[in-house]
Structure formats: C-alpha cells, structure tokens
Amino acid sequence: MRNIVPILVVVAAIVVVWYGAAVKMNAQWALDQAARAEVELSFGELVTDTLSQERPRLPAPHQVVAELWDSTVGKSITSKRSLVFHGWITLSSTLLGFVFGTGLGILLAIGIVHSRAMDMGVMPWAIASQTIPILAIAPMIIVVLNSLGVTGIIPKAIISAYLSFFPVVVGMVKGLRSPAPMDLDLMHTYSASRGQIFWKLRMPASMPYLFASLKVGIAAALVGTIVGELPTGAIRGLGARMLSGSYYGQTVQIWSALFAAAILAAILVGTIGIIQRRALKRMGMAT
Amino acid sequence: MGTWDVTSPVIEAKDLDLTFETNDGPVHALKGVDLSVEKGEFVSFIGPSGCGKTTFLRCIAGLETPTGGALTVNGMSPDEARKSRAYGYVFQAAGLYPWRTIAGNIRLPLEIMGYPKSEHAERVDKVMSLVDLKGFGKKFPWQLSGGMQQRASIARALAFDADILLMDEPFGALDEIVRDHLNEQLLELWARTEKTIAFVTHSIPEAVYLSTKIVVMSPRPGRITDVIESPLPRERPLDIRDTQQFLDVAHRVREGLREGHSYD
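Residues numbered from 1 in each chain as written. Chains lettered and ligands numbered in written order. Predicted model: local features only at pLDDT ≥ 70, side-chain atom pairs only at ≥ 80, totals over all residues.

An unreviewed UniProt entry lists chain B under the name ATP-binding cassette domain-containing protein, with Maritimibacter harenae given as the organism. Listed under Sequence similarities (unreviewed entry) in UniProt, the entry text for chain B is "Belongs to the ABC transporter superfamily." (UniProt positions renumbered as here; feature names shortened; annotations may be inferred.)

Going by what an unreviewed UniProt entry lists, chain A is known as ABC transporter permease subunit and is assigned to Maritimibacter harenae. The record in UniProt for chain A states the following under Sequence similarities (unreviewed entry): "Belongs to the binding-protein-dependent transport system permease family."

Brief notes about the overall build of chain A
Looking only at helices and strands, chain A features 11 helices and zero strands. The order of helices and strands in chain A, counted from the N terminus, is α-α-α-α-α-α-α-α-α-α-α. Taken over C-alpha atoms, the radius of gyration comes to 24 Å for chain A, far larger than the 19 Å a tight globule of 287 residues would show. For chain A, the C-alpha atoms occupy an extent of roughly 90 × 55 × 35 Å along the three principal directions. Looking at chain A as a whole, 34% of its 287 residues qualify as buried. Considering only contacts in chain A between residues 6 or more positions apart, those separated by 24 or more positions represent 74%. (Helix = DSSP H or I, 4+ residues; strand = E, 2+ residues; numbered from the N terminus. Rg over C-alpha atoms; globule rule 2.2 N^0.38 Å. Buried ≥ 20, exposed ≤ 12 C-beta atoms within 10 Å, placed from the backbone. Contact = placed C-beta atoms within 7 Å.)

Description of the interface of chain A and chain B
Between chain A and chain B, the residue contacts involve 15 residues of the former and 17 residues of the latter. Those elements that place two or more of their residues in the side of chain A that touches chain B are helix H8 (181-189) and helix H9 (194-229) of chain A. Broken down by element, the side of chain A that touches chain B gets its largest block of residues, six residues, from H8 of chain A.

Side note on the UniProt feature "transmembrane region" (unreviewed entry) in chain A
Per the UniProt record, "transmembrane region" (unreviewed entry) is found at residues 5-22, 88-113, 125-147, 153-173, 209-234 and 254-275 of chain A. As annotated, residues 153-173 of chain A has a helix share of 100% and a strand share of 0%, and its two end C-alpha atoms lie 29 Å apart.

Thoughts on the UniProt feature "domain: ABC transporter" (unreviewed entry) in chain B
UniProt records the feature "domain: ABC transporter" (unreviewed entry) for residues 13-240 of chain B in the present numbering. A distance of 32 Å separates the end C-alpha atoms of residues 13-240 of chain B, which is 34% helix and 27% strand.

Describing the domain arrangement of chain A
When the parts of a complex come together, some accessible area is lost, and that lost area is often used as the size of the interface. Taken domain by domain, chain A comprises domain 1 (4-58) and domain 2 (83-282). One C-alpha centre belongs to domain 1 of chain A, the other to domain 2 of chain A; they are set 39 Å apart. (Domains from an automatic or database assignment.)

Points about the domain arrangement of chain B
Residues and elements named next belong to chain B. In terms of domains, chain B is made up of domain 1 (11-86 + 162-260) and domain 2 (98-161). A separation of 25 Å is found between the C-alpha centroids of domain 1 and domain 2. Contacts between domain 1 and domain 2 engage 11 residues on the former and 10 residues on the latter. Of the residues contributing to the side of domain 1 that touches domain 2, the split by class is nine nonpolar, one polar and one charged. (Nonpolar A, V, L, I, M, F, W, Y, C, P; charged D, E, K, R; others polar.)

Structural notes on the pairing of strand S2 (residues 25-37) of chain B
Residues and elements named next belong to chain B. In this sheet, S2 lies alongside strand S1 (residues 11-22) in antiparallel orientation, the contact comprising nine bridges. For leucine 16, the partnering residue across the bridge sits in S2 and is valine 33. The hairpin formed by S1 and S2 contains two residues between the paired strands. (Pairing = 2+ DSSP bridges.)

Description of unusual backbone geometry
All names here are of chain B. The peptide bond linking arginine 220 to proline 221 adopts the cis configuration, its omega dihedral lying at -10 degrees. Along the chain, proline 221 turns up in the loop between strand S8 (213-218) and strand S9 (223-229). For arginine 85, which is not glycine, the phi dihedral falls at a positive 60 degrees. Looking at the element boundaries, arginine 85 is found in the loop between helix H2 (78-83) and strand S5 (87-90). Residue arginine 85 is classed as partly exposed on the basis of its C-beta count, with 17 C-beta atoms lying within 10 Å. Look at glutamate 194: it is not a glycine, yet its phi comes out positive at around 55 degrees. Relative to the helices and strands, glutamate 194 is located in the loop between helix H6 (176-193) and strand S7 (196-201).

Looking at the nonpolar core
Grouped together as the largest cluster of nonpolar side chains are 80 residues, with contacts concentrated most on Ile60, Tyr87, Ala155, Leu166 and Ala198 of chain B. The element contributing the most residues to this core is helix H5 (residues 146-158) of chain B, with six residues. When sequence neighbours within four positions are dropped, the list of residues in contact with isoleucine 60 of chain B reads Ile11, Val73, Pro78, Leu166 and Ala198 of chain B. Counting 47 residues, the second largest nonpolar core, distinct from the first, contains Ala161, Leu163, Phe165 and Ala257 of chain A. (Core = buried A, V, L, I, M, F, W, Y, C linked by C-beta atoms within 7 Å.)

So, helix H3 (residues 61-72) of chain A
For an α-helix, the turn length of 3.6 residues means that residues three or four places apart are oriented alike. Residue and element names in this part refer to chain A. The end-to-end C-alpha separation of H3 is 16 Å, in line with the 16 Å expected for 12 residues at 1.5 Å each. Among all positions in H3, only Gln63, Val64, Glu67 and Ser71 are buried. Along H3, the residues classed as buried sweep out an arc of 100 degrees about the axis, all on the same side. Buried residues belonging to H3 abut helix H4 (83-114) and helix H11 (251-282). (Expected span 1.5 Å × (residues − 1). Arc of directions from axis to C-beta.)

As structure tokens, this is what we get:
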C-alpha cells in the first residue's frame, strides 16, 4: 500500500496541470463568445465556462470521465455510441492479430536459433519491417486486402500482427539462446537430439523472455488495430471513434476514446502480467 | 569393441594431443597424454589452471575431440561410449534446471534416454537416498543450499546406469566444511556403487583424500608430470588426513606441481 501514495501524487499533479491547461486553452473561445454577446465575464464565470464547453479545445478531466461513463454504462452495448461496442471491435481484432503475431514470432525465432541461414536471412528483414512507418503501410494493407475481398477484422488483425511479431522474435531468439554452455553440455552428455534440447531446455528457459515480449507485443497489437481503423474510413472500433470525433470537432469524444484505448491496453498488459506470474511461479522461476 | 573385456582399462589414452586454433595462434591444451584407468579406480586430476585437466575430462566425455593420439572409453571411442551411456558427468556448478523440481532434474536423463516411465520414480528415489536427499524431491533448486544442489546434480549423473562418473571440480564452489562432508559422502557412494570415478580438482587434500590414483598435470602445454598410486587404504575416515602416510602423498603431489610449474 505504501507505493499507492506516490502514484496518487503523480495523478493529482497531472489532473491539476490538466485543469490549468483546459482553462487557458479554452479561455479565448469563452472570451470571444462573451465579447460577441457584449457581456463581461468575471474570473469565476470564465473558469466555469472553460470547463463546461461542448467542443472545448481541451476537455476538462471530469468531462472526459462523464463521457466515458455515459458511453459505457449509459448506453446499450449494441449501440453505435457505446464505447463497449467499439472497444470490443478493437479488442477482437487486437487479440486475433496478437495470436497471429506471437505465433509467427515464435516460429521465426525457432528457425533463427536452429538455422544459420535463417539467422542471417530473416533477422535483417524483421528489423527492416519495423522501420517502415505503420501509418504508411496500414492503408495499403487494408486497400489491397479489400480488393481481394478480405474485409472485417482480418486486415486490421494483420496490421496488429505486423507490429506484434517483432518483439516476440527478438525476445524469443534471446530466450532460446539463453541456456548456458554448461546446460547445453549436459544435454550433449545425454546424447540428446535437437528436438529434446529444444523442448526440455531451450523452450522452458525462454519463458521469462517470452512473457516480457508478450507484454510489449500486445500493446503493439492494440496500436496496430487502432492505426488500422484510423485512415481507412472504418466506422467501428476505437480508432474510428477517434476519427469521427475529429471530423466533427467532438474533442470530448476523441479523448474518451483515447482513454478507453489506454484502459484497454492496461487491462491487456495487466492480464499478461498475471498469467506470467502464475506460470513462472508454477515453473519455480518466480521473478 | 573387439578385444575389450572387464579386465581391460576403462579409460585408456595413448599419446593424446589436443590443440585449439585461436586467433593468437595454436594453444596446446594437451600434449602426449598417456594414461590408463582401471575399473573401480578413483582417479583425481590435479594441476594449476590451464593444465588441461578439465579438457582431458571433456575429451573422455566426447565434448572435445582430440587432434592426435588414441582415446578409448570402455574400449570404444568417446562418442560411442557417450551414446551407450557409459558415463555420468558432474559439472563445476550444479547446473540444475530452475524450472524443474529436484526430482524433475534427476528424472531429466531418464526422460531423454527413453527409460520406461514406470521405472522413473523408483530410480529417482534410489539415487536421492544415495546422496542423502530423501524428501527433497518436490523442492525447486533455489530452495536448496549449494551443497544440496551439488548432491542433486550427482544424483542426476547416477540416475542411469553409467559405470563411470566424470566430475569436474564439483565441490570447487563450496566452503570447506561442506566440502569435507561431501568428500566423505562421495567415498561412501563410490564404495557402495563400485563406479569408476574421474575427478578434477585443484585442492591437494581433496585429491589425496579421495583418490586411489592421483594424476599431476602442468600447463603450457597441458601434460601429465606425475602419476601417484595412493598407498592409503580404501577405507578412509576423515582423520586419515592427519597420518604421516597422507602427508607424504600430499608432499609428493606438491613436489610434482612445483616441478611442472615454470613460474613465468
């Protein structure tokens, strides 16, 4: 419980700065309105106005919280205005892409560790793939797949996989190579096959590395799906919600979608953290 | 195989050479090593670092390949001997896999060598009581002291029926009190199992206390400078180390080490 205090202090500081910034950034509009109506605003009225505008430049925290509450608890989850609905669309694509990406990452890592040709041949491409801005490549993936008749969550999941396989490859290559020379020598004294060395030594030894990669990977997968929803005129998903918010100047909507995405990411990373702790504890490797 | 029978040497090296090619030129890890080890012997290899004692043990295990000379283990090449499960190897560190329990670690060679599952529990129990670890099977390695971990690693090397035990400074990282205790236990275990043991150490008292044969080695190039057949009886209480006979052997080992050392 002792570490909750610093966290609360930081959160309180952020909220204070946020309120200050909201007042400052929204003041101009309030003053313009007042000038047009030829009234004088007292400081108190100015502050009240800046924190309750319908389309503020920067919505106040309580406006975002109210919108979050209203669009999750306040709406039926099948409604197009429900963040639960949009969140689910994004989540399903994120998870699908994460599973694709993790599977691909593990397979590539196994190949890289066991074949020198793959080590030389695949790793540079994996690194190069991550240097291409995802914003540039995401619309192309969506358009190309659409023209092939693949629509729905698959194209978005592929973008997620594209982002999430990389940390898994890097982590798993390191993990599969983590056994010490002595651990490998022991296997050689048993005349163990490569398969046995893999299943009984390399794979279990790589587990801590795998979980660390999965945490990065699932966050990347979420980003991938949201990016996939942004530039492609998608009408569903948290990314689409942000985009439509920006079309109509609905800053409160953008911010609440942003927070929904952040909360979703926290839940996903937290879930993997819990699985990690359980799994490693069962393996006697509690971190 | 051919001419090999129970009375032939278990390990036989003739004019063995091993040269590592490094960027700084060739390194003669072993040069002209001649040695034969009979069944049931306890042979210690002692010498300063770089004298090739560990390298020689690794050659016997087939982990290194000699560049010259002949080496047979149970009358076979080291590779064939390894495949026929001739030896168990104990490393400097216990090297237990942290995700396996103690019993799981001891079971590892059985799983890899394909022993029937029905035998696993019985074999694990047997060797755990041999090294005095009964009741610790469900513990994970980090829950045990260093000495207990090393005993578990010895049990792991005994779990399958190899009649040679290769030990590479197994007690080097342990404190002297624990080491004394483990030395005593090891002699007991050797007497009970009648295995042939090849033991690398850099401790003179340890080598003299344990061995029936002490091989003194020296570096650059790694070679044997003296082979001492121990006059001590097989039955050895710890206080044998205070007898004149023990001190005489220790003295001869020390002389051998001094001779081989060039102090450069």
